[in-house]
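# Structural description and commentary
Listed below, chain by chain, are the residues.
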Amino acid sequence: MSHDRVNYEKIAPTYDQRYGALEYAGVASTLLSLIRSTPNRVLEVGCGTGHWVAKLRPSSPHVYGLDLSAGMLEQTDQELHDYLLCGEAGRLPFADSVFDLIFCVNAFHHFGDKRGFISQAAHALRSGGTLAIIGMDPHTGKDDWGLYHYFDGTHEADLARYPTAESIRGWMMEAALVDVTS
């Protein structure tokens, strides 16, 4: 099985079809809960086509997104364009203490500099702000993705590209984030 990087520019036009088949209700309720507790400035890093930014904007008008793929950002609704920026997770183009919540959903494993992202996010968060990384950890055995049973090498590839929750917690503590939980 080839484990080449996904070409998000190529798949951008059809990427949102996955939201029609899956509702991601747990992700939606978690994000809405976080928005309710941090109502000011919010940033999604790895926002792709802006799906979560669009879902959260009715609850908080100050939700912004950042993604590395210009092709993905081009797929967003026109009214979101002013709220989205093309950029790299490990080099957040924001001043210190700007956001109350920074989150990423199923994107962290794609970031080239994961530790750098966490450090950058810690600086971009206001005092008392929240960094939420939502995704799976194939190291625990709790996230048994169905593809693992059909495609040889997929689980092994995920073990290599997904950091453990413990590693993420450690990087958060190194970045002086407090009350780190999983």
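The sections below set out a description of the structure shown in this document. (Residues numbered from 1 in each chain as written. Predicted model: local features only at pLDDT ≥ 70, side-chain atom pairs only at ≥ 80, totals over all residues. Heavy atoms only, no water.)

### Quick notes on helix H6 (residues 114-124)
- For H6, the full list of buried residues reads Lys114, Gly116, Phe117, Ile118, Ala121, Ala122 and Ala124.
- The secondary structure elements touched by the buried residues of H6 are strand S1 (42-45), strand S4 (99-105), strand S5 (125-134), helix H7 (154-161) and helix H8 (165-174). (Buried < 20%, exposed > 50% of the residue type's maximum accessible area, 1.4 Å probe, protein only. Helix = DSSP H or I, 4+ residues; strand = E, 2+ residues; numbered from the N terminus. Contact = heavy atoms within 4.5 Å.)

### Overview of the pattern of salt bridges
- For the structure shown, the criterion picks out 4 salt bridges.
- Between arginine 161 and aspartate 158 there is a salt bridge, with its nearest N and O atoms 2.8 Å apart. Here the residue arginine 161 and the residue aspartate 158 both occupy positions in helix H7, the gap between them amounting to 3 residues, near one helical turn.
- Ionic pairing is found between arginine 169 and glutamate 166, a salt bridge with its closest N-O pair at 2.4 Å. Taken as a pair, arginine 169 and glutamate 166 lie in helix H8 at a separation of 3 residues, close to a single helical turn.
- For arginine 169, a relative accessible area of 18% corresponds to the buried category.
- You can call glutamate 166 partly exposed: its relative accessible area is 48%. (Salt bridge = Lys/Arg side-chain N within 4 Å of Asp/Glu carboxyl O.)

### Points about the nonpolar core
- Ranked by size, the top nonpolar core spans 23 residues in total, and within it Val45, Ile102, Phe108, Phe111, Phe117, Ile118 and Leu131 carry the most contacts.
- Elements that contribute at least two residues to this core include exactly S1, S4, H6, S5 and H8.
- The leading source of residues in this core is H6, at 5 residues.
- Residue contacts for phenylalanine 111: discarding those within four places in its chain leaves Val45, Gly46, Ala89, Cys104 and Phe117.
- The next biggest cluster of nonpolar side chains, apart from the first, holds 18 residues, and it includes Leu34, Cys47, Trp52 and Val63. (Core = buried A, V, L, I, M, F, W, Y, C linked by side-chain atoms within 4.5 Å.)

### A short note on the pairing of S5
- Here S4 pairs with S5 via 6 bridges, running parallel. Bridge assignment links isoleucine 102 to a residue of S5, and that residue is leucine 131.
- A crossover links S4 with its parallel partner S5, the connecting element being H6, and its sense is right-handed. (Pairing = 2+ DSSP bridges. Right-handed = clockwise from strand over helix to strand, strands pointing away.)

### Some thoughts on the sheet that holds S1
- Strands sit in the order S3-S2-S1-S4-S5 across an open sheet of 5 strands; the sheet is parallel. Each edge of the open sheet is held by one strand with a lone partner, namely strand S3 (84-86) and S5. Adjacent strand axes in the sheet meet at a mean angle of 20 degrees when their direction is disregarded.
- Bridge count between S1 and strand S2 (residues 63-67): 4 bridges; the pairing is parallel. The residue of S2 that forms the bridge with glutamate 44 is glycine 65. (Axes fitted to C-alpha atoms, helices over the stretch in contact; angles between N-to-C directions.)

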